[in-house]
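Structural overview for review
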Amino acid sequence: MIPIAIYHWNIGIVSRGKGKSAVAAAAYRSGEKLTNEWDGMTHDYTRKGGVVHTEIMLPPHAPPSLSDRSTLWNSVELYEKAGNAQLAREIDAALPIELSREEQIRLVREYCSSQFVSRGMCVDFAIHDTDSGNPHCHIMLTMRPLNERGTWAAKSKKEYDLDENGEHIRLPSGRYKTHKVDLTGWNDKDNTLLWRKAWADFTNDFLERNGSPERIDHRSNAERGIDEIPTVHMGVAACQMEKKGIATEKGELNRSIQKTNRLIREIRAQIGKLKEWIADLFKARETAPKQPPQSPGLANLLMKYLSVQREKSRKYSQRWQQQHTADELKTIAAAVNYLSEHSISTLDELDASLSSVSDRAYSIREGMKTAEQRMKKLQKLIEYGKNYTEYKPIHDELKKLQNGWTNKRDKYEEAHRAELTLWDAANRYLHAHLPEGVKTLPISAWEKEYTALKAQREAEYDTLKETRAEVAELQKIRRCVDIALRADQPEQTRSRTKRHEQER
């Protein structure tokens, strides 16, 4: 199996309508001090650590002056007049720790050149690494094309809608109905899939060239045909706490998911082997015309197994024979009890019971997947809800300082930058995931639901362990039946069967 490295790739928009600034975003990502000429605000991130490389890449027809970060993004800010303007597209992606720093830089550079600069976009990328095992890159892209003179051109144009007669359609307002036509193709929704796949392809090419066996895959578990519960993205803070030996809720959830996935894989593998074994027995029965057409009785086969084992033990001491017989009787008694409790008397009924066990295991797994997905969402709601509540007074105080008192406001914002960043992220997430009109965050209700789901998950895991024990019992019955069946086979067939068992 090919080792899988971490795949993380996200895309978003820096929008003025959401209170964002391209200059502020560029300053943060590059760790520089930049002043936004559109609103006069200065953004100083020179004390930010972990910025190990920054670079601006321009298409051939771009003026050289845009290679300066302040010039580039202030040019974007000043050209866009609308209060809700989309200023930049941003991508963040995890970098493989298997690559050296030089190779990581080359990877980002070649990816950006191929996917963005070649299509006329200006690229500003930065690589961050705080030595916490999470190197990543931030890629900022311009959203407006440059014309042949090196000045900003239109993103889109309006076209009139026409009726079946080719006439303009007049609206009740008296205006004509129009629609927007994208002139760049950069906003096409299919681009996200293409750029995600391209990142995986470029990264895997670099990993292969550097002799690393790891590979990344941009597809989800479902798309890859992996029927497992995906783990939670830990984030830098949780990773650092776990490295210090401090257990986090995200870490606990991931460990539980990984444990469940291992158990599911084990059950699935054992059931697969048992189904294959029964299929082989049925096939052998069909090719043996002298045998009776009905399925052999399992009770008789178990008794045959016991007699075979007794015969084998005769060459050992009497004391060993007594102990061996007692052990075998326990094995047979457990097998007979299982068959009796589940009303199984033939191989056909054993096959049907195995299918039932398989269906039950998969049903439990599906229920656990649903619970885990809800737990992931609850974790985010609780985390962002607490951040929103804790840091809202700081945000409210900043709002009071925004009318006049510029120096005081800037000092306050700089002093509370981390808290304001956490509040802003919480505000955006909660706004996107909660119904409109929610005034009081139900954090205690979310925590109560999470606790209930955690208890449910643990109970379902115990049920899965019981299923594994049931499959293990079926494996014991298989071993006994195999030995009993081989005892009646000619020597040549028995040797062939033994070789086949060893190969499997």
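Being a predicted model, the structure only gives us computed values, none of them experimental. (Residues numbered from 1 in each chain as written. Predicted model: local features only at pLDDT ≥ 70, side-chain atom pairs only at ≥ 80, totals over all residues. Heavy atoms only, no water.)

Topic: the overall build of the protein chain
Check the secondary structure of the protein chain and you find 13 helices and 9 strands. Sorting the 504 residues of the protein chain into buried and exposed places 39% on the buried side. Put simply, 69% of the contacts in the protein chain that link residues at least 6 apart link residues at least 24 apart. Element-wise, carbon and sulfur atoms account for 50% of the exposed surface of the protein chain, whose accessible area totals about 28900 Å². (Helix = DSSP H or I, 4+ residues; strand = E, 2+ residues; numbered from the N terminus. Buried < 20%, exposed > 50% of the residue type's maximum accessible area, 1.4 Å probe, protein only. Contact = heavy atoms within 4.5 Å. Areas by Shrake-Rupley, 256 points an atom, 1.4 Å probe, with all protein chains shown as cover.)

Some remarks on helix α9 (residues 347–400)
The end-to-end C-alpha distance of α9, which contains 54 residues, comes to 79 Å, matching closely the 80 Å that a straight helix rising 1.5 Å per residue would cover. Where α9 bends most, at Tyr391, the angle is about 50°, and the proline Pro393 comes one to four residues later. (Expected span 1.5 Å × (residues − 1). Bend = angle between axes of the 7 residues up to and from the residue.)

Topic: the packing of aromatic side chains
Counted by the stated rule, this structure contains 7 aromatic pairs. Between Phe116 and Trp195, the ring centres sit 5.1 Å apart and the planes meet at 75°, which makes this aromatic pair edge-to-face. Residue Phe116 is located in the loop between α3 (101–115) and β6 (123–128), and its partner Trp195 is located in helix α4 (residues 190–209); the two are separated by 79 residues in the primary sequence. On the accessibility criterion, Phe116 (0% relative accessible area) is buried. Relative accessible area serves as the criterion here: at 2%, Trp195 is assigned to the buried category. When the centroid spacing of 4.6 Å and the interplanar angle of 25° are considered together, the rings of Tyr384 and Tyr429 count as stacked. In this pair, Tyr384 sits in helix α9 while Tyr429 sits in helix α11 (residues 417–433), placing the two residues 45 residues apart along the sequence. (Phe/Tyr/Trp six-rings, centres within 6.5 Å; stacked < 30°, edge-to-face > 60°.)

Here we look at the packing of α9 against α11
The N-to-C vectors of α9 and α11 enclose an angle of 125°; their axes lie 7 Å apart at closest approach. Between α9 and α11, the crossing angle belongs to the class labelled oblique. Here the hand of the crossing between α9 and α11 comes out left-handed. Across from Lys377, Lys380, Leu381, Tyr384, Gly385, Asn387, Tyr388, Tyr391, Lys392, Ile394, His395 and Leu398 in α9, the residues of α11 making contact are Glu419, Leu420, Leu422, Trp423, Ala425, Ala426, Asn427, Tyr429, Leu430 and His433. Residues that form the contact of α9 with α11 fall into these classes: 13 nonpolar, 5 polar and 4 charged. (Axes fitted to C-alpha atoms, helices over the stretch in contact; angles between N-to-C directions. Parallel < 35°, antiparallel > 145°, perpendicular 65-115°, else oblique. Left-handed = near helix turned anticlockwise from the far one by under 90°. Nonpolar A, V, L, I, M, F, W, Y, C, P; charged D, E, K, R; others polar.)

Observations regarding the confidence of the model for the protein chain
Confidence in the prediction of the protein chain, expressed as mean pLDDT, is 79, and 78% of residues score 70 or more. Ranking the helices and strands of the protein chain by mean pLDDT puts β6 first, with 96, and helix α13 (residues 491–503) last, with 47. With pLDDT under 50 throughout, residues 491–497 is counted as low confidence; its partners more than four residues away or in other chains account for 5 contacts. (pLDDT = per-residue confidence, 0-100.)

Here we look at the pattern of salt bridges
A side chain of one charge can pair with a side chain of the opposite charge when the charged atoms of the two come close. The tally for this structure, following the rule as stated, stands at 19 salt bridges. Two residues, Arg29 and Glu90, come together in a salt bridge whose shortest N-O distance is 2.4 Å. With a gap of 61 residues between them, Arg29 in helix α1 (residues 22–30) and Glu90 in strand β5 (residues 86–94) connect regions that are remote in the sequence. For the salt bridge of Lys392 with Asp396, the shortest nitrogen-to-oxygen distance reads 3.0 Å. Of this pair, Lys392 and Asp396 both sit in helix α9, 4 residues apart, which is roughly one turn of that helix. Of the residues examined, Lys392 reaches a relative accessible area of 30% and is grouped as partly exposed. (Salt bridge = Lys/Arg side-chain N within 4 Å of Asp/Glu carboxyl O.)

Comments concerning the environment of Ala361
Here Ala361 is to be found in helix α9. Overall, the relative accessible area of 5% leaves Ala361 in the buried class. In contact with Ala361, other than residues within four places in its own chain, are Ile267, Leu464 and Thr467.

Details of the environment of Ile11
Inspection of the secondary structure assignment puts Ile11 in strand β1 (residues 9–15). Spatially, the C-alpha atom of Ile11 lies 9.2 Å from that of Arg196, the residues being 185 residues apart in sequence. When neighbours within four sequence positions are excluded, Ile11 is seen to be in contact with Arg89, Glu90, Ile91, Thr192 and Trp195.

Some points on α1
Taking burial as the measure, the 9 residues of α1 include 8 buried ones, the bulk of the element. All of the buried residues along α1 are Ala22, Val23, Ala24, Ala25, Ala26, Ala27, Arg29 and Ser30. One or two steps after α1, the chain reaches Gly31, where phi turns positive at roughly 70°.

Here we look at the sheet that holds strand β4 (residues 51–57)
Ordered in space as β1-β5-β7-β6-β4, the 5 strands form an open sheet in which the pairing is antiparallel. Looking at which strands have only one partner, the edges of the open sheet turn out to be β1 and β4. In this sheet, adjacent strand axes meet at a mean angle of 15° when their direction is disregarded. In the sheet, β5 pairs with strand β7 (residues 136–142) via 7 bridges, with the strands oriented antiparallel. Of the residues in β7, the one forming a bridge with Asp92 is His138. Contacting β1, β4, β5, β6 and β7, α1 crosses the sheet at an angle of about 155° to β7. (Pairing = 2+ DSSP bridges.)

Comments concerning the side chain of Arg16
With respect to the helices, strands and loops of the structure, Arg16 is situated in the loop between β1 and α1. A polar atom in the side chain of Arg16 sits 2.9 Å from the backbone oxygen of Glu80. Ignoring sequence-local partners within four residues, the contact set of Arg16 consists of Trp38, Glu77, Glu80, Lys81, Ala82, Gly83, Asn84, Ala85 and Leu87. (Polar contact = N/O pair within 3.5 Å; in protein donor to acceptor, adjacent residues only side chain to side chain.)

Describing the environment of Leu87
Looking at where Leu87 falls in the secondary structure, it is placed in strand β5. Of the residues examined, Leu87 reaches a relative accessible area of 1% and is grouped as buried. Between the alpha carbons of Leu87 and Gly17 there is a distance of 9.8 Å; along the sequence they are 70 residues apart. Residues contacting Leu87, with those up to four places away along its chain left out, are Val14, Arg16, Lys20, Ser21, Ala22, Trp73, Val76, Glu77, Glu80 and Met143.

Points about the packing of α1 against helix α2 (residues 69–79)
Look at α1 against α2: their axes get within 8 Å of each other, and the N-to-C directions meet at 155°. Relative to α2, the element α1 lies roughly antiparallel. Here α1 and α2 pass one another in a crossing that is right-handed. Residues Ala22, Val23, Ala26 and Ser30 of α1 lie in contact with α2, whose contacting residues are Arg69, Trp73, Asn74 and Glu77. In terms of residue class, the contact of α1 with α2 is made up of 4 nonpolar, 2 polar and 2 charged.

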